Amino acid sequence: MLFRSSFFLSYHYLKDLDKIDKEKKYSEKLLNKSYRHLGVTNRKISILKDFISIMADENIDSRKIIMSLTEYLVYSITKSSNGIVRFIDRSNSRTVTEWNILAKGPEVIKISNRKILNGEESGLLNESFQYLRSRLAHTRVECAFIFDSDCKEFDPSFLMILLTQIHSLGIVQKQIPHKNEAEPSSGW
């Protein structure tokens, strides 16, 4: 009888320990996930602060600002080695201007502007590159960000916010013509 009761108690004791251990592991997993999410959120806030502070500096040339922001998109957001911010005239599909970050050197990346303009808001261009277009539809010039297709670990909605900010900056700086404005007097 003593053996049965001790077996019964030890069985329930071990079962309770197993349950506590599973709850502990689950709690640790949730805590780890929360810390990871906080880290990502803090990094996004830091990047947004940097974007805003760069644009607030009146002494910096708007071209340097856009190049600096392009570097953020490439290195910090997509963690890519190659990236292009390209402004495309919607009426004739020609490149108005672009900023390149190319790790492989000054090679030209052949990307079809028509394919970008006729495609979805984002997508794959070929085996090597993917793109994302700004959501500013009321402009005559489209802004697209083209980067390596192997980049998977980024938040597309956050990237869209930053790309739209760059597009807006081009319009505000009067570097990219608005739909109702006349042709630009000088190209970039």
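Everything below is about the structure printed above this text.
Anyway, here's the lowdown on the structure attached to this text. (Residues numbered from 1 in each chain as written. Predicted model: local features only at pLDDT ≥ 70, side-chain atom pairs only at ≥ 80, totals over all residues. Heavy atoms only, no water.)

Glancing now at the layout of surface pockets. Considering only enclosed or pocket space, the largest pocket measures out at about 220 Å³ in volume. Every residue along the wall of the largest pocket is listed here: Val40, Arg43, Lys44, Ile47, Ser76, Ile77, Lys79, Glu153, Phe154, Asp155 and Phe158. Breaking the lining of the largest pocket down by element, the ones donating at least two residues are helix H1 (2-56) and helix H2 (62-77). Residue contributions to the lining of the largest pocket peak at four residues, all from H1. Across the lining of the largest pocket, the residue classes break down as five nonpolar, one polar and five charged. (1 Å grid on protein atoms, 1.4 Å probe; cavity = no way out; pocket = protein on both sides within 12 Å on 5 of 7 lines; lining within 4 Å. Points joined across faces, edges and corners; volume = space filled by probe spheres on them. Helix = DSSP H or I, 4+ residues; strand = E, 2+ residues; numbered from the N terminus. Nonpolar A, V, L, I, M, F, W, Y, C, P; charged D, E, K, R; others polar.)

The next point concerns the pattern of salt bridges. According to the stated counting rule, one finds six salt bridges in the structure shown. In this structure, glutamate 98 engages arginine 86 in a salt bridge whose closest nitrogen and oxygen atoms are separated by 2.6 Å. Of the two residues, glutamate 98 sits in strand E2 (residues 95-102) while arginine 86 sits in strand E1 (residues 82-89), which places them twelve residues apart along the sequence. With relative accessibility at 4%, the residue arginine 86 sits in the buried group. Here arginine 90 ties to glutamate 142 by a salt bridge, and the two come within 3.0 Å at their closest N and O atoms. Of the two residues, arginine 90 is situated in the loop between E1 and E2 and glutamate 142 in strand E5 (residues 141-148); the sequence distance between them amounts to 52 residues. Here glutamate 142 falls in the buried class, since its relative accessible area comes to 3%. Residues joined in a network through salt bridges with shared partners are Arg90, Arg133 and Glu142. (Salt bridge = Lys/Arg side-chain N within 4 Å of Asp/Glu carboxyl O. Buried < 20%, exposed > 50% of the residue type's maximum accessible area, 1.4 Å probe, protein only.)

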